[in-house]
Every structure is written in C-alpha cells, then in structure tokens.
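Single-letter residue listing:
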Amino acid sequence: SYISGSVSVEDHDIMIVDLEYLTADILPDLAEISDHTQLEKRGTKTEREQVRILFAEDSTFIRKVTVKKLAKTGYKQIEEATDGQEAYDRIAELKKAAEDEGKSLTEYYDVILTDIEMPKMDGLTLCKRVKTDLHIDEVPVVLYSSLMSREMELKAQTVNADACLTKPKVEEIVDCLDDIILHRK
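Conventions adopted
- Residues numbered from 1 in each chain as written.
- Predicted model: local features only at pLDDT ≥ 70, side-chain atom pairs only at ≥ 80, totals over all residues.
- Heavy atoms only, no water.
- pLDDT = per-residue confidence, 0-100.
- Helix = DSSP H or I, 4+ residues; strand = E, 2+ residues; numbered from the N terminus.
- Contact = heavy atoms within 4.5 Å.
- Expected span 1.5 Å × (residues − 1).
- Buried < 20%, exposed > 50% of the residue type's maximum accessible area, 1.4 Å probe, protein only.
- Arc of directions from axis to C-beta.
- Polar contact = N/O pair within 3.5 Å; in protein donor to acceptor, adjacent residues only side chain to side chain.
- Salt bridge = Lys/Arg side-chain N within 4 Å of Asp/Glu carboxyl O.
- Axes fitted to C-alpha atoms, helices over the stretch in contact; angles between N-to-C directions.
- Parallel < 35°, antiparallel > 145°, perpendicular 65-115°, else oblique.
- Left-handed = near helix turned anticlockwise from the far one by under 90°.
- Pairing = 2+ DSSP bridges.

## Notes on the confidence of the model for the chain
Working step 1: On average, residues of the chain score 84 in pLDDT, and 84% of them reach the 70 mark or higher.
Working step 2: Least confident of the elements in the chain is helix 2 (residues 36-42), whose mean pLDDT is 48; most confident is strand 4 (residues 77-81), at 97.
Working step 3: Between residues 33-41, whose pLDDT stays under 50, and residues either more than four places distant or in other chains, the model counts 15 contacts.

So this is what it looks like as structure tokens:
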C-alpha cells in the first residue's frame, strides 16, 4: 500500500504516503545496485560473511532492498527488526544472556544498523539507549536515514553514533561496514 497512515486535523483527513514504497514502484531501478562488482572488490565476501548485523528499519521495502544489496556483496548475516523498540529489546535480551555466560555482546552482533525515523523507538533513541543505558560501546551503531542532514549528524554525535549514512545509498553502508568492522578485526 502507498498509504502508511492517516491523521485528522481540523476536520480534514490527511493520508500519509509511503514515499519510499511509491518511489520504488515508479523508479524500480533505485532498488538495484548499479555496479556491485566494485563493492565486491573492496572487501572479500568471505570476510563479510562473518559479520553479524542487527538492522532496524520500519519500511518493509527498504529492509528488503538493503538486505538484498548487502547480501550481494557478502554481508549475509542480517537479523531484521521492524522498529527501534524491537531492536532494543533484542539487544537487551542478548546482553543479559552474554553477561550470564561471561561473554560480550560482540558474540552476537558486530554492528547495529538503524533507520532514524521509526515508530515505537526512533534510531537516535535506540543508539542513545544502547550506548548509555546498556553501556555497549564495543558494538558500533550506524544510523541510516533519508533524513540525513547536518543537523541530524549533530544529533547523531550527541548520542555517540559511530557513523551516519544517507538512504538509499547502500554502497555507503558497504564502505562503512568494511571500514569500521573488517578493518577493526
């Protein structure tokens, strides 16, 4: 559906359009990597296949496209969450399990990739709660949003995000993951 919600304001019904879904339907080429062979050369698929990603994104379309594109370049271990609260709950649960077993959360995830604008809990709040409430610094948090601006980047810095990327540039995600994960190991 192109409509993601509605709201009534002063006796007017306003329909909220899912711009990402509509754009993908009108411009399907946006849903494909233009040249993923260049991305494959930057890091080996074998290295990337070892990376475990938690990806929080409320748009089914963006989740599907991003996961597909990342898989083409070797990033295949992707756990999906439909919003920030679901991701936070999963991280908190695994952190407790890791502590009970004397392990680190890095046993479960190498990176958290999250949209910013999501229902229940946005990506900025997710990042802040992961870094501050759960005291997790060893797992990088990368914010990925179509709303990325200088102001948003400053907000991301205040919650200690490790990187900020703009949708739908999956190529940037691959470069970022290669830099902060593969070169760290």
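## Examining helix 5 (residues 84-100)
Working step 1: When the terminal C-alpha atoms of helix 5 are compared, their 24 Å separation across 17 residues agrees well with the 24 Å that a helix rising 1.5 Å per residue should span.
Working step 2: For helix 5, the set of buried residues is Gly84, Ala87, Tyr88, Ile91, Leu94, Lys95 and Ala98. Within helix 5, the buried residues cover an arc of 135° as seen down the axis, which keeps them to one side.
Working step 3: Elements in contact with the buried residues of helix 5: strand 3 (52-56), strand 4, strand 5 (111-114) and helix 6 (123-133).
Working step 4: At the N-terminal end of helix 5, a side-chain oxygen is found 2.9 Å from the backbone nitrogen of Gln85, two or three residues along, and the residue is Asp83.
Working step 5: Phi turns positive, to about 70°, at Gly102, one or two residues after helix 5.

## Topic: the pattern of salt bridges
Working step 1: One pass over the full model with this rule turns up 14 salt bridges.
Working step 2: Across the salt bridge formed by Arg48 and Asp178, the nearest N and O atoms sit 2.5 Å from each other. Of this pair, Arg48 sits in helix 3 (residues 45-49) while Asp178 sits in helix 8 (residues 170-182), and the two are 130 residues apart along the sequence. Like Arg48, the residue Asp178 is buried in the burial classification.
Working step 3: The salt bridge partner of Glu151 is Lys155, with a shortest N-O separation of 3.7 Å.

## Thoughts on the packing of helix 5 against helix 6
Working step 1: Between helix 5 and helix 6, whose axes approach to 10 Å, the crossing angle comes to 20°. Accordingly, the angle class assigned to the pair helix 5 and helix 6 is roughly parallel. At the point where helix 5 passes helix 6, the crossing takes the right-handed sense. Along the contact surface, helix 5 presents Gly84, Gln85, Ala87, Tyr88 and Ile91, while helix 6 presents Leu126, Arg129, Val130 and Asp133.

## Here we look at the pairing of strand 4
Working step 1: Sheet topology places strand 3 next to strand 4; five bridges connect them, and they run parallel. When the bridges of strand 4 are listed, Arg52 appears paired with Gln77.

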